[in-house]
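Chain residues, written in single-letter form:
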Amino acid sequence: MKLTLWTYEGPPHVGAMRVATGMRGLHYVLHAPQGDTYADLLFTMIERRDHRPPVTYTTFQARDLGGDTATLFKTACADAVARFNPEALIVGASCTAELIQDDPAGLAGSMDLGIPVIPLDLPSYQRKEGFGTDETFLQIVRHLAKPCARSEKITANLIGPTALGFRHRDDITEVTRLLADMGIGVNVVAPMTARPSDIARLPAAHFNVLMYPEHAESAARWLEREYKQPFTKTVPIGVGATRDFLAEVGTLTGLPVKSDTSRLRLPWWTRSVDSTYLTGKRVFIFGDGTHVAAAARIARDEMGFDVAGIGCFNREMARPIRTLAKDYGIEALITDDYLEVEAAISALQPEMILGTQMERHIGKRLGIPCAVISAPVHVQDFPARYSPQMGWEGANVIFDTWIHPLVMGLEEHLLHMFRDDFEFHDEAGASHHGAAHKPREQGAEAAPAAADAAGSMPAPDAPLSEVANDHTDPQTADILWLSDAEKELKKIPFFVRGKARRNTEKFAFEKGLTRISVDTLYEAKAHYAR
Amino acid sequence: MTAALPARGCSDTPVLKERGQREVFCGLTGIIWLHRKMQDAFFLVVGSRTCAHLLQSAAGVMIFAEPRFGTAILEEKDLAGLVDAQTELDREVDRLLARRPDIRQLFLVGSCPSEVIKLDLHRAAERMSVKHAPHVRVLNYSGSGIETTFTQGEDACLASMVPVLPATDARELLLVGALPDVVEDQALGLLKALGIGPVRCLPARRDADLPSVGPNTVFALTQPFLGDTHAALQRRGARHLPAPFPFGAEGTTEWLRTIAAEFNVPATLFEAVIAAPRARAEKAIAAAAQTLSGKSIFFFPDSQLEIPLARFLTRECGMTAIEVGTPFLHRDLMAPDLALLAEGPVISEGQDVDLQLARARAARPDLTVCGLGLANPLEAEGLATKWAIELVFTPVHFYEQAGDLAALFARPLRRRALLQNLAPLEAAE
């Protein structure tokens, strides 16, 4: 038993729903009690889908238990096939149905439904949503893929995009463009947009583009084994990764690397002098393993940030993320406990978080700006505009998204210079954010952080730790701030105050000091100057 | 603009009972508002990852702070009997209470999995109550989807509190149902002006304010879904004051009138107290009724508020009800509202969602009230919808909110009118 307040991943049957809802012509019969239909709203509300997910819930009640829930399941299968006329059926159990052991696979298999029936075995009490997508897609591919000749022209399958994915819709378009530049066609995109009949012709492609390892790595490995289809290992998020991806495609196909980079702006935008202020910003990165790995590379090599911490919530990616962290000289945080992530961020005091919607809320509370890079998703993560993460346009989108929460270059300097101006002060927030202007009370101490109605910036009442030493680091827990030094610290704008405090305490610890004076503060500043 | 009493109400209308797939939340969802209402209570669901995910999805944007609810997620070893689930639960609760010393009431909330494996949460609550007394009281109820729908979770929670309420012989009025604080204060204000008191509320905002109950207690329900709580209070000797539910000017007036009659409030005082707020409510309703009048409405089952709301919308806003679906029809509690609702609409209980969708498509109502899973798909088919969940998450009771309640239904229709010159929807995907 484990106490959970907020979760990064849903149960595995929600993963199966993401696969089914992304596809067309497939139906999912889920043995589940009333209430499990809540999952429909993830798709109809968060993703604004205009159709109900293709899921029939058997909806058993307490009075059915001990009675004939098996017949209920069989009736639901027969009704679903008659009503929705799918090309194939996936069947499985949610957590409660798993306990009553009706064996959906056996029951559906015993019926003559006239279409392929694919049983899912998703252990609800051991695994989570990511496993659900990956395993469901693997089973669909195993059951439906048929031997067929390779296409005449070189083609690829794009595998991994699902419903409720972080920008999957637009990544498909972007990757299709990248391949088209090299003269490579797309055979099938799956699960998203594919019909069961499309899955049958997956083996016609020359290779697979594994867009999201979280959702399709097992299927990619199976196709490699069964149909000798190689798959790409690089996820093309960021400029460097996109170049590596194209090189990998070139190697797999023997085609020369060609790409129209005329629309790629990140390299100039990041070199232009306005971006100087981004240099060395300490960022904490958390999300699913794929997006975290991509973000770490972009942060260091393309934005000039300092990666202060990374981690992922999906244990399946623990090993690669731990390895990656070593490259960056840091420890990886592998956890699905929201409170642990909050504690890590609080201790590290980064200047920015690249995370999920959960970290956005942590950032609000701690007064640290956050840009969202990964699922779990929120309605805000489905913008109306074209907004991919992959490829050249994805790099442009990422540049804009990441700098938006920050206070920009010259504005940052002005805040440093005139920090006591009652109207133009750090608590008023970045001038390009839409929150109401808040004049500071005359004579009031600088305390709360900035506001932003759009939510990417700290809430107006977000308490910024005002304790001079918040004792998060046991090493520095005994060091005390003298009151003059504490006052001086408060004159530093909020977006660098955390770093200043942390650096000063670290400096004091290294020097064996137990008291921090104004001099200590400035000695530390000089020590860490760059 | 309240209509005259109907020649025939819906009291004897045969009910269309259906069962099948239900697009309704389970009772756990009530935790979302109950934990805000009871500020020193913590709700610990004993369930699966699905339960945690449901609460998080239903809570939507409320991830602001460490919430006063959580899920003790059952793991493989709990189910396989490798560990004693009761011991595990004790450990998690000890940790929780150590971290949250502000908690005075802890609810162990049963779920589908905990019910199926027959985890005895009642025994656990008794054991923990002894251990953590007097600082924390531990109660249990089931919010499982195999037993409860949506608002029945609140009913189960309040019903679990009734047996532990202190006994009293005092003549007191008890208001039952979780209301937003501002709305509760308005009701208390009106009752005070009528000279009625003392008045207590269940649930109370804090454990220390918990009401007492006894044979001289009379109680009024503010929410229509409190059947079990109603029965539990009667078992404690309290007497129910049956009335239409306080939605709209008419509902509020009749609800207050019933209580006033019980407390022998003079008619002149009653009229004097309600005149101004009732006039304000009628004025505000009239503004929204301009949009709603003459329009038809179809309710999918959701919160059990459907029958009182249909009464309000047909009698005070000029709408026509085509079908009024409710997850569960409690005839006794609903009798005053059913009598006022003119015959005509189909009254349905339970749900087979695909059959009901077929009826809605055939009827083409001007407005469809439904859950979040159905709203966008129906809008895409050209049907205007109102999310039912907003009716539970918005202050809608009593006079001062009557206009807001009508406006909630008018807004989707006004929005459609505003957007009518926009290019038509193309078939998506």
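Residues numbered from 1 in each chain as written. Chains lettered and ligands numbered in written order. Predicted model: local features only at pLDDT ≥ 70, side-chain atom pairs only at ≥ 80, totals over all residues. Heavy atoms only, no water.

With reference to specific residues and values, describe the overall build of chain B.
Scanning chain B from N- to C-terminus turns up 17 helices and 14 strands. Considering only C-alpha atoms, chain B reaches an extent of 65 × 60 × 40 Å along its principal axes. When the 429 residues of chain B are sorted by exposure, 61% land in the buried category. Within chain B, contacts between residues separated by at least 24 positions form 76% of all contacts whose residues are at least 6 apart in sequence. (Helix = DSSP H or I, 4+ residues; strand = E, 2+ residues; numbered from the N terminus. Buried < 20%, exposed > 50% of the residue type's maximum accessible area, 1.4 Å probe, protein only. Contact = heavy atoms within 4.5 Å.)

I'd like a rundown of the sheet that holds strand S7 (residues 185-190) of chain A, residues and numbers included.
Residue and element names in this part refer to chain A. Pairing in this open sheet of three strands is parallel, and the strands run S7-S6-S8 from one edge to the other. In this open sheet, the two strands that pair with only one neighbour each are S7 and strand S8 (207-210). On average, adjacent strands in this sheet sit at an angle of 25 degrees to one another, irrespective of strand direction. Bridge count for strand S6 (residues 155-159) against S8 is four bridges, and the pairing is parallel. Paired with Asn157 across the two strands is Asn208, which belongs to S8. Where helix H9 (residues 213-227) meets the sheet, its contacts fall on S6 and S8, and the angle it forms with S8 comes to roughly 160 degrees. (Pairing = 2+ DSSP bridges. Axes fitted to C-alpha atoms, helices over the stretch in contact; angles between N-to-C directions.)

Describe in detail the side chain of A:Asp40, supporting the description with residues and values.
Within the secondary structure, A:Asp40 sits in helix H2 (residues 39-46). The contact partners of A:Asp40, leaving out residues within four places of it in the chain, are A:Met17, A:Pro53, A:Tyr57, B:Glu23 and B:Gly373.

Can you tell me about the interface of chain A and chain B, naming the residues and giving the values?
Between chain A and chain B, the contact holds 58 residues from the first and 67 residues from the second. Where chain A abuts chain B, roughly 5,500 Å² becomes buried across the two surfaces, and 59% of that area is made up of carbon and sulfur atoms. For the chain A face of the interface with chain B, the top three residues by lost area are A:Met1, A:Trp6 and A:Gln34, together amounting to 19%. Inspection of the chain A/chain B interface yields four salt bridges. Note that B:Arg49 and A:Asp336 form a salt bridge whose closest N and O atoms lie 3.8 Å from each other. Our enumeration of links across chain A and chain B arrives at 23 residue pairs in polar contact (both at pLDDT 80 or more). (Buried area = accessible area lost by both parts, 1.4 Å probe. Salt bridge = Lys/Arg side-chain N within 4 Å of Asp/Glu carboxyl O. Polar contact = N/O pair within 3.5 Å; in protein donor to acceptor, adjacent residues only side chain to side chain.)

A description of the packing of aromatic side chains should follow, citing residues and the corresponding values.
Using the criterion set out here, one finds 13 aromatic pairs over all chains in the structure. Between A:Trp6 and B:Phe69, the aromatic rings sit 5.7 Å apart at their centres with planes inclined by 75 degrees, giving edge-to-face as the arrangement. Residue A:Trp6 is located in the loop between strand S1 (2-4) and helix H1 (12-22), and its partner B:Phe69 is located in strand S3 (residues 69-73); the two belong to separate chains. For B:Phe69, a relative accessible area of 2% puts it in the buried group. Ring geometry for B:Trp33 against B:Phe393: centres 5.8 Å apart, planes inclined by 70 degrees, an arrangement best described as edge-to-face. Taken together, the residues B:Trp33 in helix H1 (residues 31-37) and B:Phe393 in helix H16 (residues 389-393) connect sequence positions 360 residues apart. Taking relative accessible area as the criterion, B:Trp33 reaches 12% and is therefore assigned buried. With a relative accessible area of 35%, B:Phe393 lands in the partly exposed category. (Phe/Tyr/Trp six-rings, centres within 6.5 Å; stacked < 30°, edge-to-face > 60°.)

Let's hear about the packing of H2(A) against helix H15 (residues 372-380) of chain B: which residues, and what values?
As a packed pair, H2(A) and H15(B) sit with axes 7 Å apart at the nearest point and diverge in direction by 40 degrees. Of the possible angle classes, the one that applies to H2(A) and H15(B) is oblique. The way H2(A) lies across H15(B) gives a crossing that is left-handed. Contact with H2(A), carried on its side by A:Asp40, A:Leu41, A:Thr44 and A:Met45, involves B:Leu372, B:Gly373, B:Asn376 and B:Pro377 of H15(B) and no other residues of that element. The class makeup of the residues in the contact of H2(A) with H15(B) is four nonpolar, three polar and one charged. (Parallel < 35°, antiparallel > 145°, perpendicular 65-115°, else oblique. Left-handed = near helix turned anticlockwise from the far one by under 90°. Nonpolar A, V, L, I, M, F, W, Y, C, P; charged D, E, K, R; others polar.)

Talk me through the nonpolar core; I want residue IDs and the actual numbers.
The biggest cluster of nonpolar side chains holds 204 residues, and the ones touching the most others in it are B:Phe43 and B:Leu108. Here this core takes nine residues from helix H17 (residues 398-418) of chain B, the largest share from any one element. Contact partners of B:Phe43, with chain neighbours within four places excluded, come to B:Ile31, B:Leu34, B:His35, B:Met38, B:Arg68, B:Phe69, B:Gly70, B:Phe107, B:Val109, B:Tyr141 and B:Cys157. Core analysis: the second largest hydrophobic core is formed by 58 residues, A:Val249, A:Val283, A:Ala325 and A:Ile330 among them. (Core = buried A, V, L, I, M, F, W, Y, C linked by side-chain atoms within 4.5 Å.)

Summarise a nonpolar patch on the surface; cite the residues concerned and give the values.
Residues B:Leu418, B:Leu419 and B:Leu422 make up a contiguous nonpolar surface patch of about 330 Å² in total accessible area. Looking at the element boundaries, B:Leu418 is found in helix H17. (Patch = residues over 30% accessible without salt bridge, like charges linked within 9 Å, V, L, I, M, F, W, Y side chains within 5 Å. Areas by Shrake-Rupley, 256 points an atom, 1.4 Å probe, with all protein chains shown as cover.)

Requested: an account of the side chain of B:Gln223, with residues and values cited.
Residues and elements named next belong to chain B. As for its placement among the helices and strands, Gln223 is situated in the loop between strand S8 (217-221) and helix H9 (227-235). One polar contact links Gln223 to His397, side chain to side chain, over a distance of 3.3 Å. Those residues in contact with Gln223 that lie beyond four places of it in its chain are Glu154, Val176, Gly177, Ala178, Leu179, Phe245, Phe247, Leu305 and His397.

Outline the pattern of salt bridges, listing residues and values.
Residues and elements named next belong to chain B. Inspection of every chain in the model, using the stated rule, returns 48 salt bridges over all chains. For Asp94, the salt bridge is made with Lys131, and the minimal N-O distance between the two is 2.7 Å. A residue pair is termed long-range when its members are at least 10 positions apart, and Asp94 in helix H4 (residues 85-99) and Lys131 in helix H6 (residues 121-132) qualify at 37 residues. A single network of salt bridges, built from pairs that share partners, joins Lys37, Asp181, Glu184, Asp185 and Arg205.

Give a description of helix H2 (residues 49-59) of chain B that names residues and reports values.
Residue and element names in this part refer to chain B. Most of H2 sits inside the fold, with 11 of its 11 residues counted as buried. Along H2, the residues classified as buried are Arg49, Thr50, Cys51, Ala52, His53, Leu54, Leu55, Gln56, Ser57, Ala58 and Ala59. The residue sitting at the N-terminus of H2 and contributing the capping side-chain oxygen is Ser48; that oxygen lies 3.2 Å from the backbone nitrogen of Thr50.

Describe the pairing of strand S2 (residues 26-31) of chain A, listing the residues and the values that go with them.
Looking along a regular strand, one sees the side chains alternate between the two faces of the sheet. Residues and elements named next belong to chain A. For S2, the tally of buried residues reaches six of six residues, placing the bulk of the element in the interior. Burial of S2 is two-sided: the residues Leu26, Tyr28 and Leu30 facing one way and the residues His27, Val29 and His31 facing the other way are all buried. Where S2 and strand S4 (residues 88-93) come together, six bridges link them in parallel fashion. Each residue of the ladder has a partner; that of His31, found in S4, is Ala93. Strand direction decides the pairing type here: S2 and strand S3 (residues 55-57), joined by three bridges, are parallel. By the bridge assignment, Val29 is partnered in S3 with Thr56. Since S2 and S3 lie parallel, the crossover through H2 that links them has a hand, and here it is right-handed. (Right-handed = clockwise from strand over helix to strand, strands pointing away.)

Describe the environment of B:Pro277, and please don't skip the residues or the numbers.
Residues and elements named next belong to chain B. Examined against the element boundaries, Pro277 turns out to sit in helix H11 (residues 267-292). For the pair Pro277 and Glu400, spaced 123 residues apart in sequence, the C-alpha to C-alpha distance is 6.9 Å. Not counting chain neighbours up to four residues away, the residues in contact with Pro277 comprise Leu190, Tyr399 and Glu400.

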